[in-house]
Amino acid sequence: CGWRSVRDECIEPAARHSRQGRGEPLESSNFADRIKSPALRAFYRRWRNVLIDGDGLPNVAVFDPGDLAPMSFTAAVEPHGFRFVFFGDRLAAWLGESLEGRLVQDDAPERFGSLKAAYRSCGEQQVPAYESVHFDFGGGDTVSVERIVVPLFDASQGVSHVGGAVMIEDTDVVGSDAAV
């Protein structure tokens, strides 16, 4: 399933819902099914619930990362990059520094390469971005990382911020996505 189908399932039906003032049945998004971590799946479903059932599009003032706050981030979209306005403490501890307040420009070093691409894609296409990576360093040393980035909208329905969460190996802080 490509990003276009996520847009069809999430953005366009939500716009029809708000314009017509009545709920239309929505297909279940297989986007959520691709997310391996139950905690990230719950994060995505919270965002989707705000999108579909909320009083407007998800925005930075109302979106709550829930139990994943320590592993989450929010970044303001700026003309030539993005600036972290929130950076969870467990994420900062894993990285060895907090990125809160840091401006990451489009020409930032490769360290931010896929992060920049995910943020740009999310902001420009106005749909979530998901990545899952497994590194094998040999000798039994491995690390798995999953990241979801969701658009957060302003009053003009443009993306003003992106929010997201990262799961690194066994940092799952939510036991199940059944609560969402």
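Here, residues in each chain are numbered from 1, in the same order as that chain's written sequence. Residues qualify for local features only when their pLDDT is at least 70, as the model is predicted, and side-chain atom pairs are given and counted only at 80 or more; totals for whole chains, interfaces and linings, by contrast, use all residues. To get the side-chain values, take all heavy atoms of the structure and skip hydrogens and water.

The next point concerns the overall build of the chain. The helix and strand tally for the chain stands at 5 helices and 6 strands. Taken across its 180 residues, the chain has 43% of its residues classed as buried. Contacts between residues were defined by any pair of non-hydrogen atoms, one from each residue, lying within 4.5 Å. Partitioning the contacts of the chain with sequence separation of at least 6, the portion at a separation of at least 24 is 52%. What sets the accessible areas is the Shrake-Rupley method with a 1.4 Å probe; for residues, cover comes only from the shown protein chains. A total of about 9,200 Å² of accessible surface is found on the chain, and carbon and sulfur atoms cover 50% of it. Working definition: helices are DSSP H or I runs of at least four residues, strands are E runs of at least two. Numbering for both runs from the N terminus. Exposure is judged per residue with a 1.4 Å probe applied to protein chains only, and the accessible area is read against the type maximum: over 50% gives exposed, under 20% gives buried, and values in between give partly exposed.

Salt bridge, as used here, is a side-chain nitrogen of Lys or Arg placed within 4 Å of a carboxyl oxygen of Asp or Glu. Across all of its chains, the model carries 3 salt bridges by this definition. As a salt-bridge pair, Arg83 and Glu78 come within 3.1 Å of each other at their nearest N and O atoms. A salt bridge links Glu97 to Arg102; the nearest nitrogen and oxygen atoms lie 2.6 Å apart.

This part is about the packing of aromatic side chains. In summary, the pairing rule links any two rings of Phe, Tyr or Trp, Trp by its six-membered ring, whose centres are within 6.5 Å, and it sorts them by plane angle into stacked for under 30 degrees, edge-to-face for over 60 and tilted for everything else. A full pass over the atoms with the stated rule returns 6 aromatic pairs. On the basis of an interplanar angle of 50° and a centroid distance of 4.8 Å, the ring pair of Phe31 and Tyr44 is categorised as tilted. A residue pair is termed long-range when its members are at least 10 positions apart, and Phe31 in helix H2 (residues 30-34) and Tyr44 in helix H3 (residues 38-53) qualify at 13 residues. For the pair shown, Phe31 and Tyr44 are each scored as buried. Ring centres of Phe73 and Phe84 lie 6.2 Å apart, and the angle between their planes is 80°; this geometry places the pair in the edge-to-face category. Of the two residues, Phe73 sits in strand S1 (residues 72-78) while Phe84 sits in strand S2 (residues 81-87), which places them 11 residues apart along the sequence.

Looking now at the pairing of strand S5 (residues 142-153). The buried count for S5 comes to 10 of 12 residues, which makes it a mostly enclosed element. Only strands that DSSP links by at least two bridges are regarded as paired with each other. With 8 bridges joining them, strand S4 (residues 129-136) and S5 adopt antiparallel strand pairing. Across the sheet, His134 pairs through a bridge with Ser144, a residue of S5. Between S4 and the antiparallel strand that follows it, S5, lie 5 residues; Gly138 among them carries a positive phi value of about 85°. As paired strands, S5 and strand S6 (residues 159-168) are joined by 9 bridges and run antiparallel to one another. Bridge pairing links Arg147 to Val166 in S6.

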